[in-house]
Amino acid sequence: MQKLTRITLSSGEMVIYLDGWYLTSTEPGDRADGLDDIVTGLLSIPGMRQQDIDAPCPAHEDWCWNDVADGVFAACQPDAGECTVAALTDRLSRYPADALCCGTFWLREDFLALDASLTDEQIRLAMKVAQRNHDAAVGFNWDTLCSGQQKLATALEFFQYRLSDSFGGNPPL
């Protein structure tokens, strides 16, 4: 399945992207009839779906369509902090089923295999640490996940230390 995105600016200018790749656009003052014909033709391809987006015209004079597209397509991406199957499924659903992809993902039980005493909140935080510090040259592996857990443990220890008192209720200073 492929995705055709038509972005129309408040100025009336229009652009067409296919699976996030620029195809063509109108210039200021151009009529959109030619683009409408292209959209109609592309929609006749089996599996093609369309998304229409209205966007404000950029305020600065030297803008380009990729400036507009960066804002539109970035807004469609899930929050990088979301570490859920729903967020991953939503992101993958934006691509055709036959799109090439490669990746790895870790679930709650993968973290529990490293340390069975972890709570769901600790796992969520460790996932965020691992995601924020992801290095594509290394990927996610046992070492990086352990590192994420170590960073989390260090942060938790730091906060526990900062909240301690000298009366024995919390670890002494």
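For the structure, see preceding data.
These figures come from a predicted structure and were not determined experimentally.

Procedures and definitions
- Residues numbered from 1 in each chain as written.
- Predicted model: local features only at pLDDT ≥ 70, side-chain atom pairs only at ≥ 80, totals over all residues.
- Heavy atoms only, no water.
- Helix = DSSP H or I, 4+ residues; strand = E, 2+ residues; numbered from the N terminus.
- Buried < 20%, exposed > 50% of the residue type's maximum accessible area, 1.4 Å probe, protein only.
- Contact = heavy atoms within 4.5 Å.
- Areas by Shrake-Rupley, 256 points an atom, 1.4 Å probe, with all protein chains shown as cover.
- Pairing = 2+ DSSP bridges.
- Axes fitted to C-alpha atoms, helices over the stretch in contact; angles between N-to-C directions.
- Phe/Tyr/Trp six-rings, centres within 6.5 Å; stacked < 30°, edge-to-face > 60°.

**Observations concerning the overall build of the chain**
- What the chain contains, in helices and strands, is 6 helices and 4 strands.
- Secondary structure elements in the chain, listed N-terminal to C-terminal, are β-β-β-α-β-α-α-α-α-α.
- Burial analysis of the chain (173 residues in total) assigns 26% to the buried set.
- A separation threshold of at least 6 residues defines the contact pool for the chain, and within that pool the share at least 24 residues apart is 51%.
- Carbon and sulfur atoms make up 56% of the accessible area of the chain, which totals about 11,700 Å².

**Section: the sheet that holds strand 2 (residues 14-18)**
- Strand order in this open sheet of 4 strands is 3-2-1-4, and the pairing throughout is mixed. The sheet terminates laterally at strand 3 (21-25) and strand 4 (48-55), the two strands that pair on one side only. Averaged over all pairs of adjacent strands, the angle between their axes in this sheet comes to 20°, without regard to strand direction.
- Pairing between strand 1 (residues 2-9) and strand 4: 8 bridges, direction parallel. For glutamine 2, the partnering residue across the bridge sits in strand 4 and is methionine 48.
- On the sheet, helix 1 (residues 33-43) packs against strand 1, strand 2, strand 3 and strand 4 and is oriented at approximately 25° with respect to strand 2.

**As for the packing of aromatic side chains**
- Taken as a whole, this structure holds 2 aromatic pairs when the rule is applied.
- Taking 5.8 Å as the distance between ring centres and 80° as the angle between the ring planes, the aromatic pair formed by tyrosine 17 and tyrosine 22 counts as edge-to-face.
- Judged by centre distance (5.1 Å) and plane angle (90°), the ring pair of tryptophan 63 and tryptophan 65 falls under edge-to-face. The residues tryptophan 63 and tryptophan 65 share a single accessibility class, namely buried.

**What to know about the environment of glutamate 27**
- Note that glutamate 27 resides in the loop between strand 3 and helix 1.
- The spatial distance from the C-alpha of glutamate 27 to the C-alpha of glutamate 13 is 6.5 Å, given a sequence separation of 14 residues.

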